[in-house]
Amino acid sequence: MALIEVESMVKRFGGLMAVNDVSFVIDTREIVSMIGPNGAGKTTAFNCVTGLYPMTSGAVRFDGHIITGQPPHRITRLGIARTFQNIRLFSFMTALDNVMVGAHWWMSARVWDSVVKSPRARADEKRVEARARDLLEQLGLTRYAGSYARELPYGLQRRLEIARALATQPRVLLLDEPAAGLNPQEKKELMALISRLRDEGLTIFLIEHDMRVVMEISDRIVVLDHGVKITEGKPAEVRSNPQVIEAYLGQGAAERMVDA
Amino acid sequence: MPSLGLGRLLTRERVDPTARRPRGAGTSTFWIFSIGSATLLFMGWLLPWFVRPTSSGIGYSPMDVVSSAPTGIGTFLVYLLGIGMLVMVLSPFAELFYRARKRAVPERLDQVRVLIAVFGLVSTVVVFLLTRVIQEEQLFGPIDAFTITDSAVWLTMVGYILAATAYGLRGWVIRRPTTAFAALALPVGILLPLMFHQAPVFILWAAGSLGIYTLLALGLNVVVGFAGLLDLGYAAFFAIGAYTCGSLASPKHSIHLPLWVLIFLGAAVASMFGAVLGAPTLRLRGDYLAIVTLGFGEIIPDLATNNIGKLTGGPDGISSIDQPIVHLPFATINFGINKEWYYWSVLLVVIVVIVLLRNLEHSRVGRAWVALREDEVAAAATGINTTSTKLLAFAIGASVSGLAGAFYGSIVTIVSPDDFSFSVSVSILSIIVLGGIGNITGVIVGSFVLTFVIFWMLQYLNEWSATLGQTINVPSLGNIDYSQYTYMIYGVALILMMLLRPGGLIPSRARQIELTSGGEEESLAAVQGIA
Amino acid sequence: MSDESPAAADGMLVDQRGLTSRSHRGAASSPAVVATSTVLRQLYSLVQRYFPQILVAGIALSILFVYTTGGLTLMGEQIKNALVLGAIYALVAIGYTMVYGIIELINFAHGDVFALSSFYALIIATSFGGFVNSLATGSGIGLLVALVILFVTTMAAAGFTGMAIERVAYRRLRDAPRLAPLITAIGVSFLLEGFMLVKFGADNVPTKNDLWITGTALTLGKVSIAWTDLFVFATAVALMFTLGAFVRITTLGKAMRATAQDRNASLLCGINVNRTISATFFIGSALAAAGGIVYSLNYHSIQWSLGYRLGIIAFTAAVLGGIGNIVGAGIGGFVIGIIYVFGGQLAGGEWSDSLIFAILVIILTFRPTGLFGVDVTTRA
Ligand SMILES: Nc1ncnc2c1ncn2[C@@H]1O[C@H](COP(=O)(O)OP(=O)(O)OP(=O)(O)O)[C@@H](O)[C@H]1O
Ligand SMILES: [Mg+2]
């Protein structure tokens, strides 16, 4: 069943066509990767889906409803959570608070409850804190619950961002280069984490440069170049697609493989 | 970077803080120590001179003690208390100094601290016994109901007990700095009118300036400190509250609502205005929003000056605003005569507001505000409705201001457009910048310091310097109009604080680092390309 | 979601409650609210789109109104007033726009630099035992020499004041978040105002040079145009064209434009960014000083708080012209002058200030890029 449908998405910055007539579909509980050389428009496509950029034209459907033009927080509340390529945590909040911000929108305490610290607010706070601690624990961040986000090591910051996204009760998780800057061990853990999230019912849509990661975990791959979708298919198909090799792998495949 | 010792100390504090844990021992504790005990020392020893500079002062000033020395144990002990208190004030600085040099704080300091505390308690008890029970020493004149609160010496001792207790219980203070601060400030706050019952002007200052400005600063702190939105027209909401009070409790429109209704009405009307102004403008970038609020802050007093709809009384404003008279079974309290009741009501409101705002700060709303000011884009992508969250901060800030306005109108009985000029907005901003942006404790300290300097000291400095001029034969000292320096004081406070200590005297740690090293934040609207 | 249903089962990363379909969760607005908010939103985008047209139409209508009620003479008179006032606004607005363009700071103290320089002008005009003053009132040549002395010294003094302010108060905060230098700028503004208050007193101070240029230059119909009017206008226009040429042609001008676009890249290109920014402050303050001089020539009295409101009005002009855009600031100054005078005629002079502030609020709300500003998306 199609969960996200992108229909001829176009995003233009002045004269630059960052995303040019791209369409694809993501099914429920699928892991789809988007790859492409630097500046291909991948992050831009993410931003259009999550409402950070208004699209020039085209439409995005989520669960059958058009979400184009909705503000970002509404889209998140509908069930699309994301992480950022350049980590965007709340640097001077503790890791725990970062995760609890993720739960903000579905907490039940009204403003008035918060003002007078009513029993409802207390219970709510307690419940959400327990959930946040639970998430931190499962992601191996318990030790850092009280630390400022920016004090965490880089790899753990990426994980904390995932925890924050998970706290929003998503149906789809959009990950922008989650493996960037991780060491091989951490990459392995990341892949395990992604598979587990899928097993628990989540749909995953990720941007990634690391071919080993992409080829291993993806069900399908969408390839972008200069804002245009070149091809789409199973890892094996994409790998052998001459167009992809020319546009992308040809440019620096060797280094990337060494990287991985 | 000037290499003054103090400057280096402050910088070190500023660069380092992420290295430590966010909770637990923070530098703010030291500031609470120093400022808390300094305040008490000040109240006890110096304030009587400020309140009434002649020797007839409030009861017995330290000067009287000096002139009668050394007549007995009591005087001697009072001296020791004074010295002990000085040590208490200075020692946190010494400790800070050690920390800054990354040296371990010597164990001995702890012992000294406990010794001082014990000594203080013991000698206070001894002085008390000598004078009150045995009536041995004729140190404080005849003892009647008010002697204790009248006497500067007694004030010193009360202050000393509080400070020494806090000091001896340093571990507890560090763990619960806010509670400690409240325990220190509350008794002083509540007893203030008793201490200064012979100086009603001072009580009026405490209610009308200190109390009102504390409220205003608390409200602005929600907007600037919590949500990170710079509001330069905050006085407009103050004006709205005050004019609401003036219109509905004066002969002007022959409506006479009680103050207790008006403070809520003022708050409601002001927050409505806040929401109306905020709704279309809050997506603007920080500096643009600041200017929009500035424009609004100029328009509102202009409307009042131009007597819009014949409602506001033009440049003269509205006068003869009602002052409540409360009939109790056993007494009748006339607020106009017994100003201390204003003081107590404002104090009560301040305390309630503090408690509620603290609740809010530590709730989901407070978290959303922090998230918003740190990274608006990430906050939106995390499901926070940026507009409504900002609007909430704006409306709450405005409502506190409206409430303060209603009180203000009733206290001074006349409101006119001049009371709400830009300089009022800037003075409130100065208070929170001075005290510590985003930190309620800091805001209270800031409003104490600034309102004392601006609305008390500068008003009476003329008199004092005239007296001084007469004694030392420089009569020109009496011709200086010190209140002219108000603007320069605000200016210097803002510049120095932002340059040297952007977090304020008592910084909220996160806010301080944000203000120094936080990179450029981009607004959601800018990312979306719509502003 | 307010029910106390069990949270995600322990050991699950994914909150199973979240996996349900929920197209309307979190969007709990009633149809009426949605309807009004869409109407408002459409109104908003309409105003946004047609902002210049609305503005021009408003101005045209108010001019027309003045014409119908007061006739040609009043209209002509007011146009003259508007252009003179607009010239001063334009001179001050340029400083705001240049500084904002280069370091993204609303230099709050700029209006006070303007006021301060009118006091500088007063001091210089009366200095050397009234030498400059007697020179100016003596002969035509003498007047010219006196004006040159007045302009050069006052503009230089103001320029150095501006540079000093930048050096002391703003430079250290250049990389801090925007609000920090803005608060400092307010501090500087208050410091300057306080200084003027203490130094020159709270009352209006008569300028000594308001009698330098006298007489009527020409009469158009029944509208007589004084030499001062012409002088103010001509000075402003000449200075603006000089500045325009300067920024376009000289190396320093190019460095300014480069620094405004991308400070770090400029640094890499070997541009001395600190010096460029200092120069920007110098030029902006000097232009404000020119504004201060012509103000004192034309309006007879100055005051310590003169710079505050005039500064905001000039800033409005800068915003109207598209902040960062020098030509725009010049044009914006004149447009604001027209709005100030004609709006005041229409609504009553006591409303002029409020009208401008309202316009400031409206521009920033609906069209922060101003009339000629670049779109943020294309600039980024
Ligand atoms: N806000 C913006 N304004 C103007 N141009 C932009 C903006 N955001 C992105 N671009 C441009 O759009 C193009 C696509 O950028 P995008 O960040 O989507 O690439 P990407 O595929 O994510 O690359 P990378 O692998 O480096 O992350 C680039 O040329 C970029 O410069
Ligand atoms: Mg990218």
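All of these numbers come straight from a predicted model, not from anything done at the bench.

1. Structural notes on the site of ligand 1
Residue and element names in this part refer to chain A. As a matter of local geometry, ligand 1 sits amid 14 residues, with Gly 39, Lys 42, Thr 43, Thr 44 and Gln 85 nearest to it. Here an oxygen atom of ligand 1 and a backbone polar atom of Gly 41 are 2.9 Å apart. Take Gln 85: an N or O atom from its side chain is 2.8 Å from an oxygen atom of ligand 1. Considered on its own, ligand 1 offers 630 Å² of accessible surface; in the complex 71% of this is hidden by protein. Secondary-structure elements contributing two or more residues to the shell around ligand 1 are strand S2 (16-27) and helix H1 (42-49). In terms of residues, the shell around ligand 1 owes the most to one element, H1, which gives three residues. Counted by class, the shell around ligand 1 contains five nonpolar, seven polar and two charged residues.

2. A few points about the environment of Gly 64 of chain A
All names here are of chain A. With respect to the helices and strands, Gly 64 occurs in the loop between strand S4 (57-62) and strand S5 (65-66). Assessed through its relative accessible area of 42%, Gly 64 is described here as partly exposed. Sequence-wise, Gly 64 and Arg 158 are 94 residues apart; in three dimensions their C-alpha atoms are separated by 31 Å.

3. Quick word on the sheet that holds strand S9 (residues 220-225) of chain A
Residues and elements named next belong to chain A. Within the open sheet, the six strands sit side by side as S6-S7-S8-S3-S9-S10. Their pairing is mixed. In this open sheet, the two edge strands, each paired with only one partner strand, are strand S6 (80-82) and strand S10 (228-233). Between one strand and the next, the sheet's axes are offset by a mean angle of 20 degrees, whatever the strand orientation. As judged from the three bridges shared by S6 and strand S7 (residues 172-176), these two strands associate in the parallel manner. Note that in S7 the partner of Arg 82 across the bridge is Leu 174. Along the sheet, helix H7 (residues 184-199) makes contact with strand S3 (31-35), S7 and strand S8 (203-207), crossing S8 at roughly 150 degrees.

4. Some points on the packing of helix H6 (residues 227-249) of chain C against helix H11 (residues 326-347) of chain C
Residue and element names in this part refer to chain C. For the pair H6 and H11, the least separation of the axes is 10 Å and the interaxial angle reads 165 degrees. Compared by their axis directions, H6 and H11 come out roughly antiparallel. When you trace H6 past H11, the crossing you get is left-handed. Of H11, the residues touching H6 (which contributes Phe 233, Met 240, Leu 243 and Val 247) are Ile 326, Gly 330 and Phe 334. Across the contact of H6 with H11, the residue classes tally to six nonpolar, one polar and no charged.

5. Considerations on the packing of H11 of chain C against helix H12 (residues 352-366) of chain C
All names here are of chain C. H12 packs onto H11 with a crossing angle of 135 degrees between their chain directions and a minimal axis gap of 8 Å. Relative to H12, the element H11 lies oblique. Between H11 and H12 lies a crossing whose hand is right-handed. Contacts between H11 and H12 pair Ile 336, Ile 339, Tyr 340, Gly 343 and Gly 344 from the former with Ser 352, Asp 353, Leu 355, Ile 356 and Ile 359 from the latter. Among the residues making up the contact of H11 with H12, the classes are represented as six nonpolar, three polar and one charged.

6. Observations regarding a nonpolar patch on the surface
Residues and elements named next belong to chain B. Together, Leu 186, Ile 190, Leu 191, Ile 351 and Val 355 make up an exposed nonpolar region whose accessible area comes to about 350 Å². Mapped by element, the contributors of at least two residues to the nonpolar patch are helix H9 (177-195) and helix H14 (340-361). When residues in the nonpolar patch are grouped by element, the largest group, three residues, is from H9. One can find Ile 190 in helix H9.

7. A short note on the nonpolar core
By size, the foremost hydrophobic cluster in this structure holds 222 residues, and its most contacted members are Phe 108 and Trp 212 of chain C. Counting residues per element, this core draws most heavily on helix H2 (residues 51-103) of chain C, at 22 residues. Discounting chain neighbours no more than four positions away, the residues touching Phe 108 of chain C are Leu 232, Ile 291, Leu 294 and Phe 422 of chain B together with Tyr 96, Leu 182, Ala 185, Ile 186, Ser 189 and Tyr 308 of chain C. Ranked by size, the runner-up nonpolar core spans 44 residues in total, among them Ile 31, Trp 106, Ala 132 and Leu 139 of chain A.

8. Remarks on the interface of chain B and chain A
You'll often see interface size given as the accessible area lost when the parts meet. Taken residue by residue, the interface counts 37 residues in chain B and 37 residues in chain A. For the pairing of chain B and chain A, the buried interface totals around 3,400 Å² over both sides, and the portion due to carbon and sulfur atoms is 59%. Contact with chain A buries area across many residues of chain B, yet Arg 364, Arg 367 and Thr 382 of chain B alone supply 23% of it, more than any other trio. One can count two salt bridges joining chain B with chain A. The shortest N-O distance in the salt bridge between Arg 88 of chain A and Asp 375 of chain B comes to 2.8 Å.

9. Some words on the confidence of the model for chain B
All names here are of chain B. Averaged over chain B, the pLDDT score is 76; the fraction of residues at 70 or greater is 63%. Note on residues 52-63: pLDDT is under 50 here. Beyond four places in sequence and across chains, it has 29 contacts. When the criterion is pLDDT under 50, residues 65-70 qualifies, and its contacts beyond four places in sequence or with other chains add up to eight contacts.

10. Observations regarding the interface of chain C and chain B
With 49 residues of chain C at the interface, the matching set in chain B holds 53 residues. Counting every contact that joins chain C to chain B gives two salt bridges. Among the ionic pairs, Arg 309 of chain C bridges to Asp 302 of chain B, the shortest N-O distance being 3.0 Å. Inspection of the region where chain C meets chain B yields eight residue pairs in polar contact (both at pLDDT 80 or more). Of all the elements in the fold, those that place two or more residues in the side of chain C that touches chain B are helix H1 (31-49), helix H4 (140-170), helix H5 (179-200), helix H10 (306-320), H12 and helix H13 (376-379) of chain C. No other element matches the 15 residues that H5 of chain C contributes to the side of chain C that touches chain B. Considering only residue class, the side of chain C that touches chain B consists of 33 nonpolar, seven polar and nine charged.

So, how was this worked out
Residues numbered from 1 in each chain as written. Chains lettered and ligands numbered in written order. Predicted model: local features only at pLDDT ≥ 70, side-chain atom pairs only at ≥ 80, totals over all residues. Heavy atoms only, no water. Near = heavy atom within 4 Å. Polar contact = N/O pair within 3.5 Å; in protein donor to acceptor, adjacent residues only side chain to side chain. Areas by Shrake-Rupley, 256 points an atom, 1.4 Å probe, with all protein chains shown as cover. Helix = DSSP H or I, 4+ residues; strand = E, 2+ residues; numbered from the N terminus. Nonpolar A, V, L, I, M, F, W, Y, C, P; charged D, E, K, R; others polar. Buried < 20%, exposed > 50% of the residue type's maximum accessible area, 1.4 Å probe, protein only. Pairing = 2+ DSSP bridges. Axes fitted to C-alpha atoms, helices over the stretch in contact; angles between N-to-C directions. Contact = heavy atoms within 4.5 Å. Parallel < 35°, antiparallel > 145°, perpendicular 65-115°, else oblique. Left-handed = near helix turned anticlockwise from the far one by under 90°. Patch = residues over 30% accessible without salt bridge, like charges linked within 9 Å, V, L, I, M, F, W, Y side chains within 5 Å. Salt bridge = Lys/Arg side-chain N within 4 Å of Asp/Glu carboxyl O. Core = buried A, V, L, I, M, F, W, Y, C linked by side-chain atoms within 4.5 Å. Buried area = accessible area lost by both parts, 1.4 Å probe. pLDDT = per-residue confidence, 0-100.

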